[in-house]
Structure formats: structure tokens, C-alpha cells
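# Observations on the model geometry
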Amino acid sequence: MSLIRKILWYVERHLDQNISLADIARHAGVGRFHTTRLFAVATGWPLMAYVRARRLSQAARQLNTAPDILSVAVAAAYGSHEAFSRAFRAEFGLSPKVLRQSGNLAQLKLTEPLIVTEVQPLPVQSPRRVKAPALVFAGLSEHYSKDNLTGIPALWQRLHPHYGQIDGQKGGLAYGISYNFTNQNEFDYMAAVEIEGDPDLPEGFARLKVAAHDYAVFEHRGHVAGIANTWRHVYEHWIPAAGVEPINAPCFERMDERFDGRTGTGVIEIWIPVA
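Throughout what follows, the structure given in this document is the object of discussion. Not measured: the values here are computed from a predicted model.

## Some remarks on the overall build of the chain
- Looking only at helices and strands, the chain has 9 helices and 9 strands in total.
- Residue burial in the chain is summarised as follows: out of 275 residues, 48% are buried.
- Put simply, of all contacts in the chain between residues at least 6 apart along the chain, 71% involve residues at least 24 apart.
- Computed over 28 positive and 27 negative side-chain charges, the inter-centroid distance for the chain is 7 Å.

Below, the structure is given as C-alpha cells:
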């Protein structure tokens, strides 16, 4: 069973228990950050938000037939009527009492069990291990979630006129850096170059300092449109096989002369900080 299927299997069979991220990660056999990143990459969902949405959707279906609201709350692993009602209202915009009175489930956006498809298989990769010093980047950064990733290409278009003309730019490599991950599958993304010194930056540019880390470096080959498939392979297959554990620190895509930005094809290196 693949890692993502193992996670989904565990969640579905423990919706009546107050399971934690640590419980799910322990069952999957990988670390908590690895578990959340894999789930986000494979499904687009924040893991614990999905657990909550599934538990409350299951509870919503039981409200019309249960003897009272408290029994549904207890079955959904909530310790009190009040805690369950708060969570229910936050999820659906109305209270369990109102739903129970109306009996109209059609007014709710229920979350069904996720069915993940197998990704297109890729050749197994053994990562290159790199011990990188502290790095400083400059570029354009914005905040993203699973629902608004379409803005990232426009970020690169805005960077393009400045490329090669940024004071202090070090080398000719381009970096797509993901950082400040949250439990809601939100993160900051920077289209950037490496810099040295303390140069004045163009208006709207941000500076990002990344501490020294050990990295596992993988490669995406082909068109950039298929890179999501490669990211999923990294977290679901290649990292476990390599016996390393990703850590919660900035990761990045690095593009050198092997990548053609005009056509979007070539080689993109994926740098994952690991313990």
C-alpha cells in the first residue's frame, strides 16, 4: 500500500477517535512534516483539515436519526455538545440544532472520502546529498494556498525583466522557493536569485535568508507542467527509499542552464532539506 493510501485508510477507520497528526504519522512510518507535505502534494488538502471535514460530514449524516446531538458529538470524538457545535458551525455555517430541525443535508457541502489516483510512474532516483551553507535570496514573494497556485507563473513573468540586473546577484541560477508552511497548506513562494552582500533591491523585492542545511537533491525532467507528479514521487517514494527525513525549512526548485525558460522544458533540481 502506498504512503498516501495508508494515510487515508487510517483516517477513515479512526474518524470516531480523536486522532492526532502524530498518530497518523506513526501509522505511516514517517515524520509529521513528511506526512503533511505528502498529503498536501498528493491531494491539495491540509491533512488535519481533511480529518475534521470528514468527521463532521459523517456526523452531519447521523443528526437526523440519532437520539440527540450529544450522542453524535461523542461518536465524532468531541468531548462536549458545545465543542461539537462550535466545530460544526465553523465547518458548515450553521449549528447542528438547525440542521437537525430542517433535516436538509443538501444545504451542506459535505466532504466525501478522497480517492487518490496512482501517479504516472517515474524512474527511481537516488538523491544527490549536498551540505549547503547559509544562502541569501532576493526576488518576488507572495502567499499561496491550494486554491490559488495559478498565480505562480505570473510571479516569474514579473521577475524576468530584472533577471541578471539585480545588484549583488550571484551566478545565473533561478530559484523557486517554498517556505513558511502552515497547517492549512498555505505557504510563501518566492521567484528568486541568489545574492551576496547587502545590495539595494528593486521596489517590491524581498530578501530571504536560508540557514545552512543538508539537502537531498532530486531532478525533474521534461516540461515544467509535470513537476507536481515529480514532487509527489519525491515525498511518496524517493525520500522513504533514501532513508532521509524532510524537515520544516525552505525547499526550492533550482534552474540552471539545463532548463529552457522560453519553452518550459529541461531539468529542474528539487532541493529538500533533510535531517
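## Concerning the nonpolar core
- One finds Ile7, Ile24, Val234 and Ile272 to be the most contacted residues of the largest nonpolar core, which totals 51 residues.
- Setting aside anything within four residues of it in sequence, one finds valine 234 in contact with Phe218, Ile239, Pro240, Ile270 and Ile272.
- Counting residues in each nonpolar core, the second largest holds 17 residues, with Leu56, Leu63, Ala76 and Phe88 among its members.

## Here's the deal with the environment of glycine 31
- Here glycine 31 is to be found in the loop between α2 (21–28) and α3 (32–43).
- When the C-alpha atoms of glycine 31 and proline 246 are compared, they prove to be 7.9 Å apart, with 215 residues separating the residues in sequence.
- Leaving out residues up to four positions away in the same chain, glycine 31 has contacts with Ala25 and Glu245.

## Concerning unusual backbone geometry
- At alanine 77, a residue that is not glycine, the phi angle is positive and equals roughly 70°.
- Mapped onto the fold, alanine 77 is located in the loop between α5 (69–75) and α6 (81–92).
- The phi torsion at asparagine 185 lies on the positive side, around 60°, for a residue other than glycine.

## Some remarks on the packing of aromatic side chains
- This model, assessed by the stated rule, comprises 17 aromatic pairs.
- Their ring planes at 20° and their centres at 5.7 Å tell us that phenylalanine 218 and tryptophan 238 sit as a pair that is stacked. Residue phenylalanine 218 is located in strand β6 (residues 213–223), and its partner tryptophan 238 is located in helix α9 (residues 227–242); the two are separated by 20 residues in the primary sequence.
- Taking the relative accessible area as the measure of exposure, tryptophan 238 reaches 3% and is therefore buried.
- Here the aromatic rings of phenylalanine 252 and tryptophan 271 are separated by 5.3 Å at their centres, their planes lie at 25°, and the arrangement is stacked. With a gap of 19 residues between them, phenylalanine 252 in strand β7 (residues 251–255) and tryptophan 271 in strand β9 (residues 265–274) connect regions that are remote in the sequence.
- The buried category is assigned to phenylalanine 252, whose relative accessible area is 2%.
- The rings of Phe33, Tyr144, Phe181, Phe187 and Tyr189 are connected pair by pair, giving a single aromatic cluster.

The rules behind each value
- Residues numbered from 1 in each chain as written.
- Predicted model: local features only at pLDDT ≥ 70, side-chain atom pairs only at ≥ 80, totals over all residues.
- Heavy atoms only, no water.
- Helix = DSSP H or I, 4+ residues; strand = E, 2+ residues; numbered from the N terminus.
- Buried < 20%, exposed > 50% of the residue type's maximum accessible area, 1.4 Å probe, protein only.
- Contact = heavy atoms within 4.5 Å.
- Lys, Arg positive; Asp, Glu negative; His and termini not counted.
- Charge placed at Lys NZ, Arg CZ, Asp CG, Glu CD.
- Core = buried A, V, L, I, M, F, W, Y, C linked by side-chain atoms within 4.5 Å.
- Phe/Tyr/Trp six-rings, centres within 6.5 Å; stacked < 30°, edge-to-face > 60°.

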